[in-house]
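An overview of the molecular structure
The residues making up each chain are set out below.
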Amino acid sequence: MSRGQYFLYSMVWIVAGSVLRGLIILVEPDPLGNPGFLSLAFAPYFIAASISLLSYSARRLNDLNRPRYWLLFFLIPFLNLGLQLILLFAPGQDPSEAH
């Protein structure tokens, strides 16, 4: 998976989540910040987005010839930022050289 594809897929999920969350806030405002019933609609989206983004990240790590256990770095503060930068900016394999 190329850097461009990884960036595009990630941005689609991020923008979709932001729009969904914005709609939930518009429809169900709560001045105290308590989550309402519609906020539960965000949970299935979050699960689907997390699974697909982990899948994209695993494919990108494969493209970079890095081990998949690096995905565990997403769970560690500040290392997750470093991993995200590597996935976005490190050049991958040339498609003609891929096995």
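Residues numbered from 1 in each chain as written. Predicted model: local features only at pLDDT ≥ 70, side-chain atom pairs only at ≥ 80, totals over all residues. Heavy atoms only, no water.

**Focus on the overall build of the protein chain**
As a reminder, the rule being used: The helix count covers DSSP runs of H or I at least four residues long, the strand count covers runs of E at least two residues long, and both are numbered beginning at the N terminus. Only protein chains enter the accessibility calculation, which uses a 1.4 Å probe. A residue is then buried if its area is under 20% of the maximum for its type, exposed if over 50%, and partly exposed in between. In this description, contact between two residues means that some pair of their heavy atoms is separated by no more than 4.5 Å.
When helices and strands are counted, the protein chain shows three helices and zero strands. Reading the secondary structure of the protein chain in the N-to-C direction produces α-α-α. Per-residue burial for the protein chain yields a buried fraction of 20% across its 99 residues. Taking all contacts inside the protein chain whose residues are at least 6 apart in sequence as the whole, residues at least 24 apart take part in 55%.

**Let's talk about the side chain of S10**
As a reminder, the rule being used: Polar contact criterion, stated in full: a pair of N or O atoms within 3.5 Å, where within protein one must be able to donate a hydrogen and the other to accept it, and residues adjacent in sequence count only if both atoms are side-chain atoms.
Mapped onto the elements of the fold, S10 is located in helix α1 (residues 3-27). For S10, a relative accessible area of 7% corresponds to the buried category. Within the structure, the side chain of S10 is placed 2.9 Å from the backbone oxygen of Y6, a separation counted as a polar contact.

**A word on the confidence of the model for the protein chain**
Note the threshold: For every residue, the pLDDT score states the predictor's confidence, bounded by 0 at the bottom and 100 at the top.
Overall, the prediction assigns the protein chain a mean pLDDT of 81, with 83% of residues at 70 or greater. Between the elements of the protein chain, mean pLDDT differs from a low of 83, seen in α1, to a high of 88, seen in helix α3 (residues 79-89).

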